Amino acid sequence: MAVRSTPAELVEAARAGDRRATARLLTALENQTADAAAIAGLVKGGDAQIIGITGSPGVGKSTLVSALIGAWREAGLRVAVLAVDPSSPFTGGAILGDRVRMADHALDAGVYIRSVATRGHLGGLAATTGAAVRLLEGLGFDVVIVETVGVGQAEVEIASLADTTLLLLAPGMGDGIQAVKAGVVEIADVYVVNKADRPGADGAVRDLRAMMSLVRREPGEWRQPICTTVASEAKGVDDLVAAIAKHHDWLAGADRLADKRRRRAAAEIRARVDAALRERYRVSEDLAEAVADGETDVASAVRRVLGDTG
Ligand SMILES: Nc1nc2c(ncn2[C@@H]2O[C@H](COP(=O)(O)OP(=O)(O)OP(=O)(O)O)[C@@H](O)[C@H]2O)c(=O)[nH]1
Ligand SMILES: [Mg+2]
């Protein structure tokens, strides 16, 4: 490869399975280098299934991702994973633990795994992760998995990126009911009770069932299945893969998938517009001080920021 490859050369190499080329493309997008627009233009389109995986720290997300990769690779699909760390400013391989756990797939050219940091990036999670998902999809990956940790805004944003969102729970972590309270339940399409080899898994499934029986649904609405897995032994993974496929079929019917994708594109555009506006219309310290000190009012300050003196 030439010392400095063109975007077209990098895209061609990445499509052929060159992971360094894929990494360089993602880095260019993340850093919004001069090549970013050309790259985005070269990889438009694609038709990946986008899977979000979320849940408390240590429930077994990465272990399950590794098992899912195994199942999808057996089916001949190319799989990419973005491990999103909303708290870290580092990127390109920060989550070492995930790397180690997914080491089974380290030599497989049909698998690409990358850590994504979102803190401090313009447009936040929706813009950075959205762009990365789009690139991987355009490079021809059949499945793009987005793993994110924690409960909160980041998680909800990830769910809006994904076609199908899995919420992982594990017995003894006391997060069954907490998850309900945090409203995460509404974003999940499939529940997974992992670590089913541990005591308390049946109880966790019962709690989830009881909770779901309280939710009223319209006819034809999706009913979230509850899968149980032992990710560390790849047990229950086939049933989970089937549940994900079923949700995808449900989405594909009645134009729901296309609708979801339109909303995703709108969210990404909005996040980028917000970021661009914030860049263009800076709020200076001096102006904030002037308002705080009562020298001017907020409405006048806004007019000044917008350059609108009328
Ligand atoms: N007993 C048991 N242990 C499991 C199972 N799945 C994962 N583990 C273990 O649980 C620990 C955490 O697994 P990870 O896959 O790193 O969990 P995670 O949710 O990705 O963790 P973070 O990325 O740190 O949030 C590891 O030691 C795994 O080996 C399981 O089904 N049963
Ligand atoms: Mg993990």
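Residues numbered from 1 in each chain as written. Chains lettered and ligands numbered in written order. Predicted model: local features only at pLDDT ≥ 70, side-chain atom pairs only at ≥ 80, totals over all residues. Heavy atoms only, no water.

Overview of the packing of aromatic side chains
Here comes step 1: Going through the model one piece at a time under the given rule, you end up with one aromatic pair.
Here comes step 2: For the pair tryptophan 222 and tryptophan 250, a centre-to-centre distance of 5.8 Å together with 45 degrees between the ring planes defines the contact as tilted. Of this pair, tryptophan 222 sits in the loop between helix H9 (201–213) and strand S7 (226–228) while tryptophan 250 sits in helix H10 (residues 237–252); the two residues are 28 residues apart in sequence, bridging distant segments of the chain.
Here comes step 3: A relative accessible area of 24% places tryptophan 250 in the partly exposed class.
Here comes step 4: The residue whose ring lies beneath arginine 78 is phenylalanine 141, and the NZ or CZ to ring-centre distance is 4.3 Å.
Here comes step 5: Stacked on the ring of tryptophan 250, the Lys or Arg arginine 256 has its end atom at 3.9 Å from the ring centre. (Phe/Tyr/Trp six-rings, centres within 6.5 Å; stacked < 30°, edge-to-face > 60°. Helix = DSSP H or I, 4+ residues; strand = E, 2+ residues; numbered from the N terminus. Buried < 20%, exposed > 50% of the residue type's maximum accessible area, 1.4 Å probe, protein only. Lys NZ or Arg CZ within 6 Å of the ring centre and 35° of its normal.)

Considerations on a negative patch on the surface
Here comes step 1: There is a patch of like negative charges on the surface, built from Glu285, Asp286, Glu289, Asp293 and Glu295.
Here comes step 2: Among the secondary structure elements, aspartate 293 is positioned in the loop between helix H12 (285–292) and helix H13 (298–305). (Patch = residues over 30% accessible without salt bridge, like charges linked within 9 Å, V, L, I, M, F, W, Y side chains within 5 Å. Areas by Shrake-Rupley, 256 points an atom, 1.4 Å probe, with all protein chains shown as cover. Salt bridge = Lys/Arg side-chain N within 4 Å of Asp/Glu carboxyl O. Lys, Arg positive; Asp, Glu negative; His and termini not counted. Charge placed at Lys NZ, Arg CZ, Asp CG, Glu CD.)

Side note on the packing of helix H4 (residues 61–74) against H10
Here comes step 1: Taken N-terminus to C-terminus, the directions of H4 and H10 make an angle of 75 degrees; their axes are 10 Å apart at the nearest point. Between H4 and H10, the interaxial angle falls into the category roughly perpendicular. Two secondary-structure elements touch here, H4 through Leu64, Ala67, Leu68, Ala71 and Trp72 and H10 through Val237, Leu240, Val241 and Ile244.
Here comes step 2: Residues that form the contact of H4 with H10 fall into these classes: nine nonpolar, no polar and no charged. (Axes fitted to C-alpha atoms, helices over the stretch in contact; angles between N-to-C directions. Parallel < 35°, antiparallel > 145°, perpendicular 65-115°, else oblique. Contact = heavy atoms within 4.5 Å. Nonpolar A, V, L, I, M, F, W, Y, C, P; charged D, E, K, R; others polar.)

Any functional reading would require information that these geometric values do not contain.
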